[in-house]
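Inside the fold
Below are the chains, spelled out letter by letter.
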Amino acid sequence: MTKPIRRLGVLTGGGDCPGLNAVIRAVTKSAIYNHEIEVYGIEDGFLGLIENRIRRLHSADVSNIITRGGTILGSSNKADPKRFATGYNESGDPVFEDVSDKCLKHIEEHKLDALCLIGGDGTMSGAQTFVEAGINCIGLPKTIDNDLHGTDITFGFLTAVETATEAIDRVHTTAQSHHRVMIVEVMGRNAGWIALYAGAASGSDVIILPEIPYNLESICDFVRFRSKHGKRFSIVCIAEGAKAEGGRQVVSRIDPTSPDPVRLGGVGEQLADDIERCSSIETRAIVLGHVIRGGTPIAADRVLGTQFGYHAIEVLLAGKKERLVVMRNQEVTDINIRDAANKQRLVPRDHQLIRACKAVGTCFGE
Ligand code: F6P
């Protein structure tokens, strides 16, 4: 017989994103109001589980948070229980240890019957440790990158797109007034979802995605052609994970203590230098960076977070195990959590939105 769920642990892992608090609120209130489950907030993702920083969440703790960005629980994108950096050796390299036993001990100490893991692929990979140890886990798909396998959408993505779109809209003024090429670099890791959607929404003239390596000559021909035909400016929206044909992604920093140590960034600046040199049109680049991860979630992400959080509790109560809440064909449903671990959902080259953008004259740098 399935053990009833009386005490539930909740954590948010990986990079923060808008909508996390909406999910924490939905999970906590649904659990308390409808099923009298005690909810325990685990601070800073898996780090709080490792360090035993776990506190009771009452409904008052999650009141008035649906509008807030970030996460009231804190997060960490470095604490993988199977490979946790506990110090440095003499050469200055991090030393890793498997600290899953500590986490399991703390789960037992707090008598948690299930874990609600709100995160992206890193968190879902980390969840495998607990799934394998027989802990009942439910995952909720978070990330601005929208690259989690198994779901059509992750919460946080639409707010990031909205913020990026507004920023690109604002850059139009300078591009037009100064007859420049303006490049806006957006986050997204190896996936181009944010660049594609924000590029499409802002009417960017050029959209550069990691999934379609760019050809510098094609971009220069395109902006020169526009200039010659009276459009004396061009807007380029580029994903941080983009790379030139035959080239490599541009890395801004390496964090050796992180399970995913590469931080991307800088391709926009590189492309700006190249475009200016080859087209002789003044070109500037800006990097939106963490700006698109912050701020209040838009209504769509609050709604999605509420639907996901509610569904997570229903799934747990139905006695289903190892599930990930997902959106498929506009319906909230759930899949096996293992199906989302260690996989990325990239933009297909023949995506309908790419075809639509091409039809209205957008250049993808091919
Ligand atoms: O996964 C979310 C994300 O914002 C990516 O788009 C970006 O590449 C990465 O996190 C940045 O990570 P950090 O906050 O550690 O710099």
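Computed from a predicted structure; not experimentally measured.

**Side note on the domain arrangement of the protein chain**
Per the domain assignment, the segments of the protein chain are domain 1 (7–155 + 297–340) and domain 2 (157–294). Contact with domain 1, which involves 24 residues of that partner, is made by 20 residues of domain 2. Here domain 1 and domain 2 share an interface that buries about 1,900 Å² over both sides, 55% of which is from carbon and sulfur atoms. Together, Lys78, Ile144 and Asp145 form the three largest contributors to the area buried by domain 1 at its contact with domain 2, with a combined 30%.

**Overview of the layout of surface pockets**
By volume, the largest pocket amounts to about 1,000 Å³. If you trace the largest pocket, you find 48 residues lining it, with Gly15, Asn77, Arg189, Asp260 and Arg263 closest to the centre. Among the secondary structure elements, those contributing two or more residues to the lining of the largest pocket are α4 (121–132), β8 (181–186), β11 (251–254) and β12 (262–264). For the lining of the largest pocket, the class distribution of residues is 11 nonpolar, 21 polar and 16 charged. Both domains that meet at the lining of the largest pocket, namely domain 1 (7–155 + 297–340) and domain 2 (157–294), each give it at least three residues. Here the second largest pocket is characterised by a volume of approximately 250 Å³. In this structure, the second largest pocket is lined by Asn146, Asp152, Ile153, Phe157, Leu158, Trp193, Tyr197, Met327, Asn329, Gln330, Arg345 and His351. Breaking the lining of the second largest pocket down by element, the ones donating at least two residues are α5 (157–178) and α6 (193–202). Shared between two domains, the lining of the second largest pocket takes at least three residues from each, and those domains are domain 1 (7–155 + 297–340) and domain 2 (157–294).

Rules of the game
Residues numbered from 1 in each chain as written. Predicted model: local features only at pLDDT ≥ 70, side-chain atom pairs only at ≥ 80, totals over all residues. Heavy atoms only, no water. Domains from an automatic or database assignment. Contact = heavy atoms within 4.5 Å. Buried area = accessible area lost by both parts, 1.4 Å probe. 1 Å grid on protein atoms, 1.4 Å probe; cavity = no way out; pocket = protein on both sides within 12 Å on 5 of 7 lines; lining within 4 Å. Points joined across faces, edges and corners; volume = space filled by probe spheres on them. Helix = DSSP H or I, 4+ residues; strand = E, 2+ residues; numbered from the N terminus. Nonpolar A, V, L, I, M, F, W, Y, C, P; charged D, E, K, R; others polar.

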